[in-house]
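# Architecture and fold: a report
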Amino acid sequence: MARLARRSMAPSMALLLSTVVACTAGWAATPDPALAPAAGAKPPKICLVLSGGGARGAAHVGVIKVLEQYRVPIHCIAGTSMGALVGGAYASGMSVEDMEKVNAGISVEKLFREKPPRQELAMRRKADDFRNFVGPEIGTGAGAAILGKGVVTGVQLETVLREL
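Residues numbered from 1 in each chain as written. Predicted model: local features only at pLDDT ≥ 70, side-chain atom pairs only at ≥ 80, totals over all residues. Heavy atoms only, no water.

## With respect to the confidence of the model for the chain
- When pLDDT is averaged along the chain, the result is 74, and 60% of the positions lie at 70 or above.
- Note that pLDDT drops below 50 for residues 1-5; the model gives that stretch one contact with residues more than four away or on any other chain. (pLDDT = per-residue confidence, 0-100. Contact = heavy atoms within 4.5 Å.)

Now the structure itself:
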């Protein structure tokens with residue numbers, strides 16, 4: 001399925017990359033003097049916009065890798081959902097190689113396992129290991145019973161996002 005997603009995104013990524021490279025290359029050397037930038041003009045700023053899409057959003061790492069290979073400067077990054085995670089990781093200084101390692105290590109089991117590593121637990125949760133506890137958590141508050149937030153609490157997902 002991942003190969004199918006990469007294959008279907010390849011034409012779009014190729015078009016985006018060729019457009020960016022053509023624009024930046026055209027700035028450096030324009031054959032027609034009438035179209036050349038004025039003396040002292042600044043080169044255009046390039047903003048990378050990354051979309052969402054869950055696992056397909058990880059393909060943005062490949063786009064950033066190719067832009068680095070072509071030495072295309074990225075002045076700003078905007079993104080939504082997975083694109084925001086990839087853009088934020090890159091903008092904070094995370095290398096493409098590190099992002100690829102994180103992507104390779106992510107699995108469904110890792111994301112949705114409800115018991116995070118012990119070092120990630122609060123002391124109160126660590127103390128629960130020594131009690132006989134079976135069943136869902138139910139509490140009371142404001143005169144009503146309070147049930148858990150859902151089948152998947154997202155604790156492990158939060159751990160993976162913090163790693164980024």
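## Re helix α4 (residues 96-105)
- Considered for burial, the residues of α4 that qualify are V96, M99 and V102. Within α4, the buried residues cover an arc of 120° as seen down the axis, which keeps them to one side. Residues of α4 that are exposed and point over 90 degrees away from its buried face: K101 and A104. (Buried < 20%, exposed > 50% of the residue type's maximum accessible area, 1.4 Å probe, protein only. Helix = DSSP H or I, 4+ residues; strand = E, 2+ residues; numbered from the N terminus. Arc of directions from axis to C-beta.)

## Topic: unusual backbone geometry
- Within the chain, R71 stands out as a residue other than glycine whose phi angle is a positive 55°.
- Among the secondary structure elements, R71 is positioned in the loop between α2 (59-69) and β2 (76-79).
- A positive phi angle, near 55°, is found at S81, a position not held by glycine.
- Relative to the elements of secondary structure, S81 occurs in the loop between β2 and α3 (82-91).
- Its relative accessible area of 53% is what places S81 among the exposed residues.

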